[in-house]
Amino acid sequence: MEEQWLSGRVVRGLQNGRRFGFPTINIVLDDHCSVEDSGVFAVELILLGKSYKGMLYIGTRPTLLLQDKTLEINIFDFNEDCYDAKVKFKIGRKIRSEEKFASVNDLINQLKKDKDEILQIFGN
């Protein structure tokens, strides 16, 4: 996927990521932005005037039996309230495609592996 900057606004989500130990910001894209792919990606972003790295998920959350497509980012080393803030982000390497896991624990274990892989990509 080409590296272009996308933008949107942080909105309140269902708080599932927080319960799983991977809090996320949910993003509604600006009208001129779109993302067709789904899965887990390395991502760089600018939020509240600072640069961060994180793990981007785009998909319908099939393990949770949900159907609406969501775009959410687990930001590494971030713990601030940023609802309604503008965010700019650049999608990097795709880690894996979206998949349905047998259990939430299986999903959480995979998220840990995804994060480790992304940290390696960023050299941490």
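Details of the pairing of strand β5 (residues 70–75)
With 6 of 6 residues buried, β5 is to be regarded as a mostly interior element. Both faces of β5 are covered, namely the face carrying Thr70, Glu72 and Asn74 and the face carrying Leu71, Ile73 and Ile75. Sheet topology places strand β2 (residues 25–29) next to β5; 2 bridges connect them, and they run antiparallel. Bridge pairing links Asn26 to Glu72 in β5.

Section: helix α2 (residues 104–121)
For α2, built from 18 residues, the straight-helix expectation of 26 Å at 1.5 Å per residue is met to within 8% by its first-to-last C-alpha distance of 26 Å. The complete set of buried residues in α2 reads Leu107, Ile108, Gln110, Leu111, Asp114, Ile118 and Leu119. In this structure, the buried side of α2 is in contact with β3 (39–47), β4 (50–59) and β6 (86–96). Directly beyond the C-terminal end of α2, a positive phi value near 80° is found at Gly123.

Quick word on the pattern of salt bridges
For the coordinates displayed, the defined rule picks out 5 salt bridges. Residues Asp30 and Lys86 are paired through a salt bridge, measuring 2.9 Å at the closest nitrogen-oxygen approach. Of this pair, Asp30 sits in the loop between β2 and β3 while Lys86 sits in strand β6; the two residues are 56 residues apart in sequence, bridging distant segments of the chain. Of the residues examined, Asp30 reaches a relative accessible area of 18% and is grouped as buried.

Quick notes on the packing of aromatic side chains
In the structure shown here, the tally under the stated rule is 1 aromatic pair. Directly above the ring of Trp5 sits Lys88, whose terminal nitrogen or CZ lies 5.5 Å from the centroid.

A short note on the sheet that holds β6
Within the closed barrel, the 6 strands sit side by side as β1-β2-β5-β4-β3-β6. Their pairing is antiparallel. Going across the sheet, the axis of each strand differs from the next one's by a mean of 45°, ignoring polarity. Here strand β1 (residues 5–11) runs beside β6; their pairing, made up of 5 bridges, is antiparallel. Paired with Ser7 across the bridge in β6 is Lys88. Here α2 sits on the sheet in contact with β3, β4, β5 and β6, set at roughly 100° to β6.

Quick notes on the environment of Arg93
With respect to the helices and strands, Arg93 occurs in strand β6. Its relative accessible area of 53% is what places Arg93 among the exposed residues. Expressed as a C-alpha distance, the spacing of Arg93 and Val40, which sit 53 residues apart in the sequence, is 8.8 Å. Contact partners of Arg93, with chain neighbours within four places excluded, come to Val40, Phe41, Ala42 and Ile121.

Cut-offs applied
- Residues numbered from 1 in each chain as written.
- Predicted model: local features only at pLDDT ≥ 70, side-chain atom pairs only at ≥ 80, totals over all residues.
- Heavy atoms only, no water.
- Buried < 20%, exposed > 50% of the residue type's maximum accessible area, 1.4 Å probe, protein only.
- Helix = DSSP H or I, 4+ residues; strand = E, 2+ residues; numbered from the N terminus.
- Pairing = 2+ DSSP bridges.
- Expected span 1.5 Å × (residues − 1).
- Contact = heavy atoms within 4.5 Å.
- Salt bridge = Lys/Arg side-chain N within 4 Å of Asp/Glu carboxyl O.
- Phe/Tyr/Trp six-rings, centres within 6.5 Å; stacked < 30°, edge-to-face > 60°.
- Lys NZ or Arg CZ within 6 Å of the ring centre and 35° of its normal.
- Axes fitted to C-alpha atoms, helices over the stretch in contact; angles between N-to-C directions.

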